[in-house]
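Chains, contacts and geometry: an overview
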Amino acid sequence: MTEYYFRTEDLKVGYKGRALLENIRISLKKGEILTLVGPNGAGKSTILKSITKQLRILGGNVVIGEKDLSRLNYCELSRKMAVVLTDRIRPELMTCHDLAATGRYPYTGRLGILSREDEEKVERAMELVDAKDLGGRLFTSLSDGQKQRILLARAICQEPEILVLDEPTSFLDIKYKLELLDILQRMAKNQEITVIMSLHEIDLAGKVSDKVIPVRAGCVYDYGKPEDILREDFIRELYDLEKGGFDPVFGSIELPRPLGEPETMVISACGRGIPVYRRLQREGVPFIAGILYGNDVDYQLARHLASRVILAEPFEEISASVYEEAREAAGKCSRIYYTDIPWGSSNRRLLRLLEEMKEQDGIECILFE
């Protein structure tokens, strides 16, 4: 048996015979999580609908285990794959338990009568998504986050080997986003369920996924590990970002730096400048950051938000030339924010700079606490 449980071979997808995306190659082992990322309208949902037989595949193959998708009838597919889509369903007068129980229909026969074993599996699924107390409530009375958990319970009831989800975190607050992704991660690792989904949140995709596949209109990039794919330059290209950017270290989306000639300088280290940077960005105040080492966590954010960053070589004493660069820049500022910094032999010139600026007329030095 092949090492990979789910794979596509030169897959071509689209609508009404017109290809939208071609040459899609995916190989996943059991228990791996694959996330599709990319801008709206790029074709992520088209890929998901094609691998779930909701759209006709225009070319290539989808293989589950050793069997081609085209050879699986819908009953066989429903025992191997469960799907949670973004379409909002409104099952009138159905309780959450009843809706979750529909996930057992592939196993019940034509009459749809649940056995005691089926009921036990429904209860276990509800427990798994922390929704046992919702069983008697009408599905239509729930919040978006609660509804998503019930739909996930229904999918779990199918006992799938593959779980496909289209933007499962849409409309959810951060609490439910984290709960849902935690459940998916535990299912993948503990039950070896292969998860294929699309997400808008790049930061979450980088944290939960084993593999990521970026999709842009007309193009599917090679997929790989999040740390290889979710790079700052690549995300800028993928989403055609003109303002702001993505920081792979923080896993955060950053707003554009304030424009204008900076008259403010921030002296900080060890992450203590980050609150200052963010406040100045919110206030639209351009600023200079320095002197920073390239391996300091402050630098990771300063390079996005500061108008200018004055850098020193890591693990070395600040050089005379870097000191003079910082001294000249600080002398042109009217305000200097500084933070509580651990002082040592390597950054003693930074302390000297701060002391010198405190003695300068026309420069306000403010301790940020």
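Reference entry: report on the structure contained in this document. (Residues numbered from 1 in each chain as written. Predicted model: local features only at pLDDT ≥ 70, side-chain atom pairs only at ≥ 80, totals over all residues. Heavy atoms only, no water.)

**Quick word on the packing of helix 10 (residues 274–283) against helix 11 (residues 297–305)**
Inclusion rule: Inter-axis angles, ranging from 0 to 180 degrees, are taken between N-to-C directions of lines fitted to C-alpha atoms, where helices are fitted over the stretch in contact. Under the scheme used here, helices are H or I runs from DSSP no shorter than 4 residues and strands are E runs no shorter than 2 residues, and both carry numbers assigned from the N terminus. Note that the term roughly parallel is reserved for angles under 35 degrees, roughly antiparallel for angles over 145, roughly perpendicular for angles of 65 to 115, and oblique for everything else. Crossings are classed by handedness, with left-handed meaning an anticlockwise turn of the near helix from the far one by less than a right angle and right-handed meaning a clockwise turn. Residue contacts are defined here by distance: any two heavy atoms, one from each residue, within 4.5 Å place the two residues in contact. Residues are sorted three ways: Asp, Glu, Lys and Arg are charged, Ala, Val, Leu, Ile, Met, Phe, Trp, Tyr, Cys and Pro are nonpolar, and all the rest, Gly among them, are polar.
At a closest axis distance of 9 Å, the pairing of helix 10 and helix 11 adopts a crossing angle of 15°. Considered as vectors, helix 10 and helix 11 are oriented roughly parallel to each other. The two elements helix 10 and helix 11 meet at a crossing, and its hand is left-handed. Contacts between helix 10 and helix 11 pair I274, Y277, R278 and Q281 from the former with V297, D298, L301, A302 and L305 from the latter. Taken together, the residues that form the contact of helix 10 with helix 11 break down as six nonpolar, one polar and two charged.

**Structural notes on the sheet that holds strand 7 (residues 162–166)**
Quick note on the threshold: The pairing criterion is simple: DSSP has to find at least two bridges between the two strands.
As summarised here, the arrangement of the six strands in space is 6-7-8-3-9-10, forming an open sheet in which the pairing is mixed. At either end of the open sheet lies a strand with only one pairing partner, and these are strand 6 (81–84) and strand 10 (219–220). Here strand 3 (residues 33–37) runs beside strand 8 (residues 194–198); their pairing, made up of four bridges, is parallel. Looking at the pairing, I33 lines up with V195 of strand 8. Each of strand 3, strand 6, strand 7, strand 8, strand 9 (211–216) and strand 10 is contacted by helix 1 (residues 44–51), which is oriented at about 150° to strand 7, the strand it contacts most.

**Things to note about the sheet that holds strand 13 (residues 264–267)**
The five strands lie next to each other as 15-14-13-16-17, forming an open sheet whose pairing is parallel. Each edge of the sheet is formed by a strand with only one pairing partner; in this case those strands are strand 15 (308–312) and strand 17 (364–367). Taking the axes of each pair of neighbouring strands and ignoring which way they run, one obtains an average angle of 20° across the sheet. In this structure, strand 13 lies alongside strand 16 (residues 335–338), joined through four bridges in parallel fashion. The residue bridging M265 from the neighbouring strand is I336, located in strand 16. Contacting strand 14 (287–293) and strand 15, helix 11 crosses the sheet at an angle of about 150° to strand 14. Packing of helix 12 (residues 320–331) onto the sheet brings it into contact with strand 13, strand 14, strand 15 and strand 16, and relative to strand 15 it is tilted by some 155°.

**Description of the pairing of strand 17**
Here is the rule we go by: When the strands point away from the viewer, a crossover counts as right-handed if the route from the first strand across the helix to the second turns clockwise.
The pairing of strand 16 with strand 17 spans four bridges and is parallel. Counted as the bridge partner of Y337 is I366 from strand 17. Handedness of the crossover joining strand 16 and strand 17 through helix 13 (residues 348–358) is recorded here as right-handed.

**Concerning helix 10**
Let me state the cut-off plainly: Throughout this description, buried means an accessible area under 20% of the type-specific maximum (1.4 Å probe, protein chains only), exposed means over 50%, and partly exposed covers the range between. The reported arc concerns the directions from the helix axis to the C-beta atoms and nothing else.
All of the buried residues along helix 10 are I274, V276, Y277, L280 and Q281. Seen from one end, helix 10 has its buried residues packed into an arc of 160°, which puts them on one side. Along its buried surface, helix 10 packs onto strand 13, strand 14, helix 11 and strand 16. G284 lies just past helix 10 and shows a positive phi near 70°.

**Comments concerning a nonpolar patch on the surface**
Our working rule: Residues with no salt bridge and a relative accessible area higher than 30% make up the patches, which join like charges within 9 Å and nonpolar side chains (Val, Leu, Ile, Met, Phe, Trp, Tyr) within 5 Å. The Shrake-Rupley method, run with a 1.4 Å probe sphere, supplies the accessible areas, and residue values consider only the shown protein chains as cover. A pair is scored as a salt bridge if a Lys or Arg side-chain nitrogen falls within 4 Å of a carboxyl oxygen belonging to Asp or Glu.
Judged by side-chain polarity, V249, F250 and V297 come together as a nonpolar surface patch covering roughly 220 Å² of accessible area. With respect to the element layout, V249 can be found in the loop between strand 11 (245–247) and strand 12 (252–254).

**Observations regarding the packing of aromatic side chains**
In plain terms, the rule: Paired rings are identified among Phe, Tyr and Trp, the last through its six-membered ring, by centres lying within 6.5 Å, and are further divided according to the angle between planes into stacked (under 30 degrees), edge-to-face (over 60) and tilted (the rest). Over a ring means this: the NZ of a Lys or the CZ of an Arg is within 6 Å of the ring centre and within 35 degrees of the ring normal.
This structure, assessed with the given rule, holds three aromatic pairs. Ring centres of Y277 and F287 lie 5.3 Å apart, and the angle between their planes is 15°; on these two criteria the pair is classed as stacked. Pair noted here: Y277 is in helix 10 and F287 is in strand 14, with a separation of ten residues, a long-range link. The exposure classification of Y277 matches that of F287, with both residues buried. The lysine or arginine in question, K30, covers the ring of Y5, its NZ or CZ lying 4.9 Å from the ring centre. Positioned above the aromatic ring of Y74, the side-chain terminus of K53 is 5.0 Å from the ring centre.

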